[in-house]
Structures are given as C-alpha cells and as structure tokens.
Amino acid sequence: MKRKHPLRRILLGTAATVAGVVALLALKQPAGGGQTVASPPAGQAPPVAATAPGAPGAAGGAAGGQTLTGDVVDTQYGPVQVSVTMSGGKITAAQAVKTPDSGPRSVQIAKDSIPKLNQQAMSAAKVDTVSGATYTSEGYSKSLQSALDKAGTK
C-alpha cells in the first residue's frame, strides 16, 4: 500500500475521531451543587422565603400569613417547586424551594432567573418568562399556580 493512499487516510481519520469521542465521553461532569434547598423531614412544612427589610411582609415575617407549597414541576433541566406566603389574598413572599440543577449552566440560569421570578410573583398578576430561562420560568409558573390553587386563588 502506498504511503499516501486514500484508504489509509480514511482509516487514520476514523480512528482519531473515535478516540476523540471516547475521550470526551470519559470526562466526568463536575458535581452539580444545584440550587435545591434542603428538604425538611417528612411531615414538616418547607422553609419560608426570607424577605428583604422594607419588603412587603418584612415586619413580622410570615406572621398572619399562610404558606403554601406548589407541586414539583419537572422541566427538561430539573425540578422546580415554589413556596408562597399569602396574607389578605396577596402574595407577600415567594421562594423557589427547588430549582433546575442538571449542570453548571442550568444552575447559573436558575441563579439569575429565580430572583426575578420571585419578584414578579409578588408584584404581578402574571409571571412572565425570563429571557434565557424559558423552561425554568414555565416550571416556576406551573408550581406557583398549583400553590395558588391550594389557596383557592387564581
């Protein structure tokens, strides 16, 4: 066989490609620290959102409020679950109890979008989708709606 024979080039190229793919597949993903809040023992209510000083409901915290936790909504990048505190028929605090954690990118997206979604839940009648966090926003909305349904609020 000649040194520059096309079949030799094809075989070497295929072998190099296979070796590269195997090397990439062998890489381990970093441990996803996730944005999931530690789950309380069975039978206990999840933690309530901490409100910033001066925010609605900050004086006295969740006193007089009703804390409701929405259903866990599975998204393409991980589960989303929302807990809300309601007082007088209004949301006084909102917190994502579980956020997507399928990888470093989804953790970063959740870290950027969840505060915006929490703020929207307290101030708006409808939670809009956060740009770049479509799946997280949709999961958040569904979990929030299930919590509001439990309160009998639309």
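S.K.: Please set out the overall build of the protein residue by residue, giving values where relevant.
M.R.: For the protein, the helix and strand inventory stands at 3 helices and 4 strands. When its helices and strands are written in sequence order, the protein yields α-β-β-β-β-α-α. By residue count, 30% of the 154 residues in the protein fall in the buried class. Partitioning the contacts of the protein with sequence separation of at least 6, the portion at a separation of at least 24 is 44%. A total accessible area of about 9,800 Å² is found for the protein, and carbon and sulfur atoms account for 57% of it.

S.K.: Tell me what's going on with a nonpolar patch on the surface, and back it up with residues and numbers.
M.R.: A surface patch of nonpolar side chains, about 300 Å² in accessible area, is lined by Leu 7, Ile 10 and Leu 11. On the secondary structure map, Ile 10 appears in helix α1 (residues 6-26).

S.K.: How would you summarise the packing of aromatic side chains if you had to cite specific residues and measurements?
M.R.: Per the counting criterion, the structure on display carries 1 aromatic pair. Both rings, one in Tyr 77 and one in Tyr 135, keep their centres 5.5 Å apart while their planes meet at 65°; by these two values the pair is edge-to-face. Of this pair, Tyr 77 sits in the loop between β2 (73-75) and β3 (78-87) while Tyr 135 sits in helix α3 (residues 134-151), and the two are 58 residues apart along the sequence. Assessed through its relative accessible area of 36%, Tyr 77 is described here as partly exposed. Among the residues examined, Tyr 135 registers a relative accessible area of 39% and is labelled partly exposed.

S.K.: Summarise the pattern of salt bridges; cite the residues concerned and give the values.
M.R.: On inspection of all chains with the given rule, the structure shows 1 salt bridge. For Asp 71, the salt bridge goes to Lys 150, with nearest N and O atoms at 3.6 Å. Residue Asp 71 is located in the loop between β1 (66-69) and β2, and its partner Lys 150 is located in helix α3; the two are separated by 79 residues in the primary sequence. On the basis of relative accessibility, which here comes to 43%, the residue Asp 71 falls in the partly exposed class. Here Lys 150 falls in the partly exposed class, since its relative accessible area comes to 48%.

S.K.: Pulling in residues and values, what's your account of the nonpolar core?
M.R.: With 19 residues, the main nonpolar core has Val 84, Ile 91, Tyr 140 and Leu 144 as its most contacted residues. Only β3, β4 (90-98), α2 (104-123) and α3 provide two or more residues apiece to this core. Each residue touching Val 84, except ones within four places of it in the same chain, is listed here: Gln 66, Thr 67, Leu 68, Ile 91, Ala 93, Ala 94, Leu 144 and Ala 147.

S.K.: Tell me about the side chain of Thr 85, and please be specific about residues and values.
M.R.: Tracing the backbone shows Thr 85 in strand β3. A distance of 3.3 Å separates polar atoms of two side chains, one belonging to Thr 85 and the other to Thr 67.

S.K.: Summarise the packing of α2 against α3; cite the residues concerned and give the values.
M.R.: Packing of α2 against α3 leaves a shortest axis separation of 11 Å and a crossing angle of 35°. Where α2 crosses over α3, the handedness of that crossing is right-handed. Here Ser 113, Ile 114, Leu 117, Asn 118 and Ala 121 of α2 come into contact with α3, specifically with Thr 136, Ser 137, Tyr 140 and Leu 144. The residue inventory of the contact of α2 with α3, partitioned by class, reads 5 nonpolar, 4 polar and no charged.

Rules used in this analysis
Residues numbered from 1 in each chain as written. Predicted model: local features only at pLDDT ≥ 70, side-chain atom pairs only at ≥ 80, totals over all residues. Heavy atoms only, no water. Helix = DSSP H or I, 4+ residues; strand = E, 2+ residues; numbered from the N terminus. Buried < 20%, exposed > 50% of the residue type's maximum accessible area, 1.4 Å probe, protein only. Contact = heavy atoms within 4.5 Å. Areas by Shrake-Rupley, 256 points an atom, 1.4 Å probe, with all protein chains shown as cover. Patch = residues over 30% accessible without salt bridge, like charges linked within 9 Å, V, L, I, M, F, W, Y side chains within 5 Å. Salt bridge = Lys/Arg side-chain N within 4 Å of Asp/Glu carboxyl O. Phe/Tyr/Trp six-rings, centres within 6.5 Å; stacked < 30°, edge-to-face > 60°. Core = buried A, V, L, I, M, F, W, Y, C linked by side-chain atoms within 4.5 Å. Polar contact = N/O pair within 3.5 Å; in protein donor to acceptor, adjacent residues only side chain to side chain. Axes fitted to C-alpha atoms, helices over the stretch in contact; angles between N-to-C directions. Left-handed = near helix turned anticlockwise from the far one by under 90°. Nonpolar A, V, L, I, M, F, W, Y, C, P; charged D, E, K, R; others polar.

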